[in-house]
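Structure assessment
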Amino acid sequence: MADKDFTDSLRPELLRRSVLFVPGDSLRKINKATELAADSLILDLEDGVAFNRKAEARRTVVEALGTLDFGRRERLVRLNPFSTLAPVQLEGLPAEDLSVTLEARPAGYVIPKVETPEHIRLVSDYLDRVEAERGWPSNSIRLLAMIETARGVLNIGQIAQASRRLEALVLGAEDLANDLGARRTRAGWEVFYARSAIVTAAAAFGLQAIDMVFVDLNDLPGLEEECRFARQLGFAGKTAIHPRQIEVINRLFAPSPEEIEQAMRLVQAFAAHQAAGAGAFELDGKMVDLPVMRAAESVLAKARAAGLLN
Amino acid sequence: MADKDFTDSLRPELLRRSVLFVPGDSLRKINKATELAADSLILDLEDGVAFNRKAEARRTVVEALGTLDFGRRERLVRLNPFSTLAPVQLEGLPAEDLSVTLEARPAGYVIPKVETPEHIRLVSDYLDRVEAERGWPSNSIRLLAMIETARGVLNIGQIAQASRRLEALVLGAEDLANDLGARRTRAGWEVFYARSAIVTAAAAFGLQAIDMVFVDLNDLPGLEEECRFARQLGFAGKTAIHPRQIEVINRLFAPSPEEIEQAMRLVQAFAAHQAAGAGAFELDGKMVDLPVMRAAESVLAKARAAGLLN
Amino acid sequence: MADKDFTDSLRPELLRRSVLFVPGDSLRKINKATELAADSLILDLEDGVAFNRKAEARRTVVEALGTLDFGRRERLVRLNPFSTLAPVQLEGLPAEDLSVTLEARPAGYVIPKVETPEHIRLVSDYLDRVEAERGWPSNSIRLLAMIETARGVLNIGQIAQASRRLEALVLGAEDLANDLGARRTRAGWEVFYARSAIVTAAAAFGLQAIDMVFVDLNDLPGLEEECRFARQLGFAGKTAIHPRQIEVINRLFAPSPEEIEQAMRLVQAFAAHQAAGAGAFELDGKMVDLPVMRAAESVLAKARAAGLLN
């Protein structure tokens, strides 16, 4: 098991509240996405692109990364999945995706259908070689792993430790439900176990957990409710499949003014009691001790990262 | 870990929507069961038979399997559990159950209280020897594993990979709740974690997950609700303890006409868009991409297996 | 994996319904606690004590254990946590906590923020040496492990097997939620996965599971509801942070008169049917077989331990 302080030091300060999928074969849609408020953009070579357009999508992604201004938006590319044939090898579609798009130097890659740590290590080792050959800073290209099969959920503890490059675990709920033979519902109990396992493994190794897409594009109150629950469980952000979902997601994954104010009150009261020699104390009928105080400090850190606090 | 394509090829096409427990010592009840609509019958040598009637139950099961016409119903026998004394050995009640009933060639055995892969391997190795000695086809006798202790839940990932013979994981909720010190309730949150773990491990290794019994024999609406939730989580079927439960279970674990129609619409629309070079698209305000399409195809496959579609 | 019968034989008969945290630096509060109805008292050296009062708290705990009459209340001491620096070593605050307080011979220690079995083994090995040197009975000092980080949840299966001294797993929900980046709510879905994992691992190795604190000191109906759900999941008791919570907890973690009566009816009816050669039978429209009967016997055992039945 890795040294906790070491992994903590890798914990990305990047905000990834809203992570938008954009079809990799549409320069028009990618261009439009560079003007949206999404924290991260995933230029998709996988499910969002028809099989007969994979090569064109790779060229379009290279052109987009080389010519468009993404501003502060994170530039990610989603690879096609590994073949399910054993032994696992980096060949075929994902290998071509990497070799063609690396020259455009995306910030990182999203690996779909990660089932074992080997899937991540193969990509990471390939990036090691490329970074060394080209003289790029080592470990500069990030990885995000999509968990969207039963095996991925079962192996989540090993997957979360697979590479120093790994920054986030992303739930793919539609594929997962299909693999489980489950029926997707609004309440989502069929993916609750997977969501909990992903948040837990991510936290254990200093990664972010990014929640599933919300497929009903016209139901913004439903999206808001799902964001609120994901936030409650510990997700740092949520994938989006349409521009109109971004505002809701950004708002829900930032701390509320009430949370920020309450956190500031707690931290101040704790400091005063600590200086006076008291440990735990009661505030508004609630016991305040170190864990409660640390949670308050975490709220303030998120608020600062979202520009809501100096 | 096993090769996924390999385990996928083992995925049973057998429908196991309703799996009925029948006391092994009652030829009358077994005879009646052969006329019911249950997909699988478990002739029970374990909890359904008093200790002083185990030998008689074995003889009755042999007679029933040798003389009654089971039609398409799967003929299963539930063994008595392994002793909890270490080291684990195939001896005592379950060893006698096997040696007496094998001559009647059931389709498979249900092993209760499986806690480690060793429990399954010991039975599987025994069947290997018997199949070889008698010239029966190898791996022709199936195994189903009941998960009904905390250890079984904890070791579920290894248990699911224990043998090529293994076709299903079956939740035993009453025993499990007792082992956990939990209190059984209608909503069932005390077994939700176990249900989720079982569905996940089953899907990861190409097995079926079969849900717990519903003990209130007079509450068919309650049974229907529990079936609906099990189906939503990914269970392929449900154990039954009374004939009157079978119709509800069979109905709830088959796709509904609305689901079948919607799945056909999705598959047709997807094919049209794919031919036109588009990947993901919007249908009725929902994003349709490969995962959504695959889920639709899975619904159609189940409908065909249940005779609801050609 | 340990022999089940062996671990079963360690299963503590001790009632630990209510487990009260008391600040270790307040002789007055400890003195008051010795008159309360809590089953166990945790004299806290960790979060309940300010950093500049740790040494004084150790001296106060030694004085309290040496001079006050605790009656039947279990005398536990909570250590400060291990440093998160690798490699894990028993040094610093928890080492001092142990060396100073051992002379007062508490019944056991509560180890906070247990993340790996190593945390427990280091303390257990230290106690082995001290017991040998001083001629105390071996394994006489108990351990309880607090699970309050994502890593603790992820490693729960190994943690539960770490030492013969280990008697209980205790959920620390506030710290856990902070580590997960989760938001604590009344319904508590953000800690449901951890609660389930803790109950399951505890049951698998013959340990007790003790539930999280309820922080709203003025909401006794809320506490009652949370106790009821914890009890349903399989928790044996609950930590408390205020005297007024004890009565509710003790009441909710003991079987109700209705449960005791129903359990007695079931056990009697089962014995009668078993004598008559029947296995499973129907009582009040519910199937009664061995698992159901065993659950009833468990209720009666708890009732006896709580003094509600002879």
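Residues numbered from 1 in each chain as written. Chains lettered and ligands numbered in written order. Predicted model: local features only at pLDDT ≥ 70, side-chain atom pairs only at ≥ 80, totals over all residues. Heavy atoms only, no water.

1. Observations regarding the sheet that holds strand β3 (residues 74–78) of chain C
The pairing of strands in a sheet comes from backbone hydrogen bonds and takes either a parallel or an antiparallel form. All names here are of chain C. How we decide: DSSP calls a pair of strands paired once it identifies at least 2 bridges connecting them. Secondary structure elements are defined from DSSP: runs of H or I of at least 4 residues count as helices, runs of E of at least 2 residues count as strands, and each element is numbered from the N terminus. Note on geometry: axes are C-alpha line fits, over the in-contact stretch for helices, and angles between N-to-C directions span 0 to 180 degrees. Contacts are residue-level and defined by heavy atoms, with any inter-residue pair within 4.5 Å sufficient.
In space, the eight strands of this closed barrel follow the order β1-β2-β3-β4-β5-β6-β7-β8, with parallel pairing throughout. Pairs of neighbouring strands in the sheet enclose a mean axial angle of 25°, with direction left out of account. With respect to the sheet, helix α5 (residues 117–134) is in contact with β4 (108–111), β5 (142–147) and β6 (166–171), its orientation differing from that of β5 by roughly 160°.

2. Describing the relation of the copies chain A and chain C
We apply this condition: Overlaid copies result from least-squares superposition on C-alpha atoms, with residues included only where pLDDT is at least 70 in both.
By a simple turn and slide, chain A fits onto chain C: the slide is 0.0 Å along the axis, the RMSD is 0.0 Å, and the turn is 120°. The relationship between the two copies is best expressed as a three-fold rotation axis. Of every C-alpha in chain A, the one belonging to Y193(A) sits nearest the axis of rotation, 4.1 Å from it. When the interface residues of chain A are mapped onto chain C, a mere 7% of them are again interface residues, pointing to distinct binding faces.

3. Structural notes on helix α3 (residues 54–67) of chain B
All names here are of chain B. Stated formally: Expected helix span is given by 1.5 Å per residue-to-residue step, counting one fewer step than there are residues. With a 1.4 Å probe rolled over the protein chains alone, any residue whose accessible area is under 20% of its type maximum counts as buried; one over 50% counts as exposed, and the rest are partly exposed.
Between the first and last C-alpha of α3 there are 20 Å, a value that for 14 residues agrees with the 20 Å anticipated at 1.5 Å per step. Turning to α3, its buried residues are K54, A57, R58, T60, V61, V62, A64 and L65. In this structure, the buried residues of α3 make contact with α2 (27–33), β2 (40–44), β3 (74–78) and α4 (92–101).

4. Here we look at the relation of the copies chain B and chain A
Laying chain B over chain A is done by rotating through 120° and shifting 0.0 Å along the axis; what remains is an RMSD of 0.0 Å. By residue overlap, the copies meet through two different surfaces: only 7% of the interface positions of chain B are interface positions in chain A.

5. Considering the packing of helix α9 (residues 192–204) of chain C against helix α10 (residues 220–233) of chain C
All names here are of chain C. Using the following cut-off: Throughout this description, any angle smaller than 35 degrees is read as roughly parallel, any larger than 145 degrees as roughly antiparallel, any in the 65 to 115 degree range as roughly perpendicular, and the remainder as oblique.
For the pair α9 and α10, the least separation of the axes is 10 Å and the interaxial angle reads 45°. Of the possible angle classes, the one that applies to α9 and α10 is oblique. Seen from α9, the contacting residues are F192, R195 and V199; seen from α10, they are E226, F229, A230 and L233.

6. Some remarks on the pattern of salt bridges
To keep things clear, this is the line we draw: Salt bridge, as applied in this entry: a Lys or Arg side-chain nitrogen positioned within 4 Å of an Asp or Glu carboxyl oxygen.
According to the stated counting rule, one finds 84 salt bridges over all chains in the structure shown. With a shortest N-O distance of 2.7 Å, E259(B) and R183(A) are connected by a salt bridge. Of the two residues, E259(B) is situated in helix α12 (residues 257–275) and R183(A) in the loop between α8 (173–180) and α9 (192–204); the pairing between them involves two chains. When its relative accessible area of 24% is taken as the criterion, R183(A) is described as partly exposed. Residues E56(B) and R53(B) are paired through a salt bridge, measuring 3.4 Å at the closest nitrogen-oxygen approach.

7. Structural notes on the interface of chain A and chain C
As a reminder of what qualifies: Each of two parts loses accessible area, computed with a 1.4 Å probe, when they are put together; buried area is these two losses added. A 3.5 Å cut-off defines polar contacts: any pair of N or O atoms within that distance qualifies, except that in protein one atom must be a possible hydrogen donor and the other a possible acceptor, and neighbouring residues in sequence count only when both atoms are side-chain atoms. Residue polarity follows a fixed list, in which Ala, Val, Leu, Ile, Met, Phe, Trp, Tyr, Cys and Pro are nonpolar, Asp, Glu, Lys and Arg are charged, and the others, Gly among them, are polar.
If you look at the interface, chain A gives 41 residues, while chain C gives 36 residues. Both sides together, the interface formed by chain A and chain C hides about 3400 Å², and carbon and sulfur atoms give 56% of it. Between chain A and chain C we count one salt bridge in total. Run the count over chain A and chain C and you get five residue pairs in polar contact (both at pLDDT 80 or more). Sort the elements by how many residues they give to the side of chain A that touches chain C and α9(A) lands first, with nine residues. Its residues assigned to classes, the side of chain A that touches chain C comprises 20 nonpolar, 11 polar and 10 charged.

8. Notes on the interface of chain B and chain A
Each partner contributes to the interface: chain B provides 41 residues, whereas chain A provides 36 residues. Run the count over chain B and chain A and you get one salt bridge. The set of elements that each furnish at least two residues to the side of chain B that touches chain A consists of α1 (4–10), α9 (192–204), α10 (220–233), α12, β10 (286–288) and α13 (290–305) of chain B. Broken down by element, the residue count for the side of chain B that touches chain A peaks at nine residues, all from α9(B). Here the side of chain B that touches chain A is composed, by residue class, of 20 nonpolar, 11 polar and 10 charged.

9. Quick word on the packing of aromatic side chains
For the record, the criterion: Each aromatic pair joins two rings of Phe, Tyr and Trp (for Trp, the six-membered one) with centres within 6.5 Å, and gets the label stacked for planes under 30 degrees apart, edge-to-face for over 60, and tilted for any other angle.
Counted according to the given criterion, the structure contains 21 aromatic pairs over all chains. Arranged with centres 5.8 Å apart and planes meeting at 65°, the rings of Y193(A) and Y193(C) form a pair that is edge-to-face. Pair noted here: Y193(A) is in helix α9 and Y193(C) is in helix α9, and the two residues belong to different chains. Owing to a relative accessible area of 14%, Y193(C) belongs among the buried residues under this scheme.

10. A word on the packing of α3(B) against α4(B)
Residue and element names in this part refer to chain B. Where we set the bar: Crossing chirality is assigned from the near helix's rotation relative to the far helix, an anticlockwise turn below a right angle marking it left-handed and a clockwise turn marking it right-handed.
Between α3 and α4, the shortest axis-to-axis distance is 9 Å and the interhelical angle comes to 30°. With respect to α4, the axis of α3 lies roughly parallel. Seen along the crossing, α3 lies across α4 with a hand that is right-handed. Contacts from K54, R58, V61 and V62 of α3 reach α4 at L93, E96, D97, V100 and T101. Its residues placed into classes, the contact of α3 with α4 shows four nonpolar, one polar and four charged.

11. Details of the side chain of S26(A)
Tracing the chain through its elements places S26(A) in the loop between β1 (18–23) and α2 (27–33). From its side chain, S26(A) meets the backbone nitrogen of K29(A) in a polar contact 3.0 Å long.

12. Looking at the domain arrangement of chain A
As a reminder of what qualifies: Each domain's extent is set by a domain assignment, obtained either automatically or from a database.
Entries for chain A in the domain assignment read domain 1 (4–252) and domain 2 (257–305). Using only C-alpha atoms to locate each centre, domain 1 of chain A and domain 2 of chain A end up separated by 34 Å.

13. Observations concerning the nonpolar core
Applicable threshold: Residues belong to one nonpolar core when they are buried, are Ala, Val, Leu, Ile, Met, Phe, Trp, Tyr or Cys, and are joined through side-chain atoms within 4.5 Å.
Grouped together as the largest cluster of nonpolar side chains are 233 residues, with contacts concentrated most on L169(A), L169(B) and L169(C). The contacts of L169(C), once residues within four sequence positions are left out, are A145(C), I156(C), I159(C), A160(C), I198(C), A201(C), A202(C), L207(C), Q208(C), A209(C) and I210(C).

14. A short note on the sheet that holds strand β2 (residues 40–44) of chain A
Residues and elements named next belong to chain A. Ordered in space as β1-β2-β3-β4-β5-β6-β7-β8, the eight strands form a closed barrel in which the pairing is parallel. The sheet shows a mean angle of 25° between the axes of neighbouring strands, taken without regard to direction. Note that β1 and strand β8 (residues 237–240) share three bridges and pair parallel. Its bridge partner being in β8, L20 is matched across the sheet by A240. The sheet contacts of helix α5 (residues 117–134) involve β4 (108–111), β5 (142–147) and β6 (166–171), and relative to β5 the element is tilted by about 160°.

15. Examining the environment of A230(B)
Residue and element names in this part refer to chain B. Positionally, A230 belongs in helix α10. Residue A230 is classed as buried on the basis of its relative accessible area, which comes to 0%. For the pair A230 and L68, spaced 162 residues apart in the sequence, the C-alpha separation amounts to 32 Å.

16. Comments concerning α9(C)
Residue and element names in this part refer to chain C. Over its 13 residues, α9 runs 18 Å from end to end, which matches the ideal 18 Å to within 8%, given 1.5 Å per residue. Of all 13 residues in α9, 13 are buried; the element is thus mostly enclosed. In the segment just after α9, G206 is the residue with positive phi, at about 70°.

17. Looking at the pairing of strand β7 (residues 208–211) of chain C
All names here are of chain C. Cut-off, in case you're wondering: Consider the strands pointing away from the viewer: the crossover is right-handed when the path from the first strand over the helix to the second runs clockwise.
The two faces of β7 match: Q208 and I210 on one face and A209 and D211 on the other face are all buried. Of the strand pairs in this sheet, β6 and β7 are connected by three bridges, and their pairing is parallel. In the strand pairing of β7, V170 is matched with I210. In terms of strand pairing, β7 meets strand β8 (residues 237–240) through two bridges, oriented parallel. The residue bridging D211 from the neighbouring strand is K238, located in β8. Assessed by its sense of winding, the connection that carries the chain from β7 through α10 to β8 is right-handed.

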